[in-house]
Amino acid sequence: MVTKKTLLLSMLGLVLVTGCAGQSENPGGTAGNPKEPEKAEPVTITAAVDGAYNEVFDTLLTRHVKEKYPHITLSLMRPAEGNTLDNLIIAGTIPDIIFTFNGNLSSYRTKGLLYDMTGVIQENNFNLDRFETNYIDDVKIASTNGELFALPYETTFHALYYNKTIFNKFGVDYPKDGMTWDQTVELGKRVTRYESGTQYRGLDPGAGIIWISQPLSLAAVDYKTDKASINNEGWKKIFELVNAMYSIPGNKPVGNVLNEFTKDKTLAMVGHLNIFSALQPAEKEGLEWDVVQYPSFPEKPNIYGNSSVYVGTITQASKHKKAALQVLDVLTSQEFQTVRAKSGSITTLKSEEVKKSFGADMPFLQGKNVAGIFKSKPVSYPVASQYRPKAENIAKAKFTEYTEGTIDVNTALARAEEEINKMIEAEKQK
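An unreviewed UniProt entry annotates the protein as Extracellular solute-binding protein originating from Paenibacillus oceani.

Take a look at the structure:
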């Protein structure tokens, strides 16, 4: 027999299940009985930033968390106030969440910070289908057995920016989407000129040999063997390509590449990451610019380099893992991601609606070819050796010797290989 009390409880349950996602305590907003009690105990979730602190991000996320989960207070620690991750670890104050990028995750293993979130994700019906698969794969580079140590929330991109004034000055057609690197070098030759006391450079890859090598999945060190892997045809191609750029008379780098483009306005094209924050003030100072798809290699069409993925990871030490997941639920929700995308952040979600909102709150992007940026995809993020940074520094030094004409390309690569292997052996002895 159905009593009035039973009917009332059934109706209440229906309201809770079908209510708006913003009121659900179930991470991911999937249907089902909420796991969180109606009046959850107040909890403070601490979060550290292993990287650059962003006050706008802090304020926005803190507010959105409180709106969806009133019982949670998010406390984002400012590195400038001494709350760097290393300092917190030394003090024994491990935060519940760390905001970092995927390349840092492997280093957390020896610090005892990594926590496989698979269990808490399943227990709380958190929907991983919201993410583009490649970004989940990029997060799993720190895994040894399929663990999921973090969730991706933003990423970056590579693009080719150009100065319209320089192209107009010399009567040269603008760059376009879909160019190869060889085509881009040829275009760079046409706008590298000395005019009225000013040297105009046609093209810079942005980071020498490094970014431009990434679409070909080249590594200076084989992470499986901890041996140098640079004396090969792939790296030779990159050395010769970038040298072809720098060998254009008048096109050698002369200082800070970004300043050449945004402040000096003497660089016609530059391959770079998301530099919109620098372009907005530069435009007010007279820079006429636009952007096209990042150039690619014929064997790797529509692919650009490593796209660092910003992630949120719950620490092993956290005593509030469910509430921490709820914070990450807000962070990766369509609502929050839309707000961030409108201000120029690249989402990791599949949602076309979020993607289409990119730059909506940035008037200076109106009329720009931002659609070209999204015609390429990032290469799969590599599993890298811990010796990668030092090995790449050695590679860059040998490349410089090659461009200066003191050694040929084969000698440069052979010496880089030898020095990298010596460096690794020395590091292992420490």
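What follows continues from the structure just given.
The next subject is the confidence of the model for the protein. Here the protein averages 89 in pLDDT, and 91% of its residues register 70 or above. Of the regions scoring below 50 in pLDDT, residues 29–35 engages in 9 contacts with residues more than four places distant in sequence or in other chains.

Now for the side chain of Q214. Turning to its location among the elements, Q214 is positioned in the loop between α9 (210–213) and β8 (221–222). Discounting residues that sit within four places of it in the chain, Q214 has contacts with H158, G305, N306, V379 and R388.

Let us look at unusual backbone geometry. In this model, N125 sits at a positive phi of 55°, which is unusual for a non-glycine residue. Looking at where N125 falls in the secondary structure, it is placed in the loop between α5 (118–123) and α6 (133–139). One non-glycine residue, S217, lies in positive phi territory at about 55°. With respect to the helices and strands, S217 occurs in the loop between α9 and β8.

Direction vectors running N to C along helix α10 (residues 233–246) and helix α17 (residues 409–428) enclose 125°, while the axes themselves pass 10 Å from each other. In terms of orientation, α10 and α17 fall into the oblique class. Here the hand of the crossing between α10 and α17 comes out right-handed. Mapping the contact onto sequence places W235, K236, F239 and E240 in α10 and V409, N410, A412 and L413 in α17. Grouping the amino acids of the contact of α10 with α17 by side-chain chemistry returns 5 nonpolar, 1 polar and 2 charged.

The next subject is the sheet that holds strand β10 (residues 269–272). Judged by pairing direction, the sheet is antiparallel, and its 3 strands sit side by side in the order β10-β5-β11 without closing on themselves. Each end of this open sheet is capped by a strand with a single partner; those strands are β10 and β11 (289–293). Neighbour-to-neighbour, the strand axes of this sheet turn through a mean angle of 30°, independent of strand direction. Summarising the sheet, strand β5 (residues 159–163) and β11 pair through 5 bridges and their orientation is antiparallel. Counterpart to N163 in the pairing with β11 is W289.

Another point: the side chain of D96. Here D96 lies in the loop between α3 (85–91) and β3 (97–101). There is no salt bridge for the buried D96, and the closest opposite charge comes from K321, which lies 7.6 Å off by N-O distance. Within the structure, D96 has its side chain in polar contact with the backbone nitrogen of T46 (distance 2.9 Å). Apart from residues no more than four positions distant in its own chain, D96 is found in contact with T44, I45, T46, T313, I314, T315, S318, K319 and H320.

Here we take up the pairing of strand β13 (residues 309–314). A regular strand carries its side chains on alternate faces of the sheet. With 5 of 6 residues buried, β13 is to be regarded as a mostly interior element. In this sheet, β13 lies alongside β3 in antiparallel orientation, the contact comprising 5 bridges. Bridging from a neighbouring strand, F99 pairs with G312 of β13.

With that out of the way, let us pick up α17. In a regular helix each residue adds 1.5 Å, so 20 residues correspond to 28 Å; α17 covers 29 Å between its end C-alpha atoms and thus fits that length. For α17, the full list of buried residues reads V409, A412, L413, A416, I420, M423 and I424. The arc that holds the buried residues of α17, viewed along the axis, is 95°, so those residues lie on one side. Regarding α17, its N-cap is D408, as a side-chain oxygen of that residue lies 3.3 Å from the backbone nitrogen of N410 further along.

This part covers the sheet that holds strand β4 (residues 151–155). Spatially, 6 strands are ordered β2-β1-β3-β13-β4-β14 in an open sheet, and the strand pairing comes out mixed. What marks the edges here is a single partner per strand, and that holds for β2 (72–76) and β14 (346–347). Where β4 and β14 come together, 2 bridges link them in antiparallel fashion. The residue of β14 that forms the bridge with E154 is T347.

With that settled, consider helix α11 (residues 257–264). Residues of α11 that are buried include every one of V257, E260, F261 and T262, and no others. With its buried residues spanning 165° around the axis, α11 presents them on a single face. Residues of α11 that are buried in the fold lie against β5, β10, α12 (276–284) and β11. Its side-chain oxygen 3.0 Å from the backbone nitrogen of L258, N256 forms the N-cap of α11.

The rules behind the values
- Per chain, residues are indexed from 1 in the order of the written sequence.
- Local features are withheld for residues below a pLDDT of 70 in this predicted model, meaning they are given only at 70 or higher, and side-chain atom pairs are given and counted only at 80 or more; totals for whole chains, interfaces and linings count all residues.
- No hydrogens and no water enter the side-chain calculation; it runs on all heavy atoms of the structure.
- Each residue carries a pLDDT score, the predictor's own confidence in it, on a scale running from 0 to 100.
- Contact criterion: two residues are considered in contact whenever any of their non-hydrogen atoms come within 4.5 Å of each other.
- The helix count covers DSSP runs of H or I at least four residues long, the strand count covers runs of E at least two residues long, and both are numbered beginning at the N terminus.
- Axes here refer to lines fitted to C-alpha atoms; in helices the fit is confined to the stretch in contact. Angles between the N-to-C directions go from 0 to 180 degrees.
- Angular relationships are summarised with four words: roughly parallel below 35 degrees, roughly antiparallel beyond 145, roughly perpendicular across 65 to 115, and oblique for the angles in between.
- Note: crossing handedness is left-handed where the near helix turns anticlockwise from the far helix by less than a right angle, and right-handed where it turns clockwise.
- In the scheme used here, Gly and all other residues not listed as nonpolar or charged are polar, with Ala, Val, Leu, Ile, Met, Phe, Trp, Tyr, Cys and Pro taken as nonpolar and Asp, Glu, Lys and Arg as charged.
- When DSSP locates at least two bridges between a pair of strands, those strands are taken to pair.
- Only protein chains enter the calculation, and the probe is 1.4 Å; a residue is then buried if its accessible area is under 20% of its type maximum, exposed if over 50%, and partly exposed in between.
- Asp and Glu count as negative and Lys and Arg as positive, but His and the ends of the chain are not part of the count.
- Only one rule defines a salt bridge in this text: a Lys or Arg side-chain nitrogen within 4 Å of an Asp or Glu carboxyl oxygen.
- The definition of a polar contact used here is a pair of N or O atoms within 3.5 Å, where within protein one atom must be able to donate a hydrogen and the other to accept one, and adjacent residues in sequence count solely through side-chain atom pairs.
- Here the expected span of a helix is defined as 1.5 Å times the quantity of residues minus one.
- The reported arc concerns the directions from the helix axis to the C-beta atoms and nothing else.

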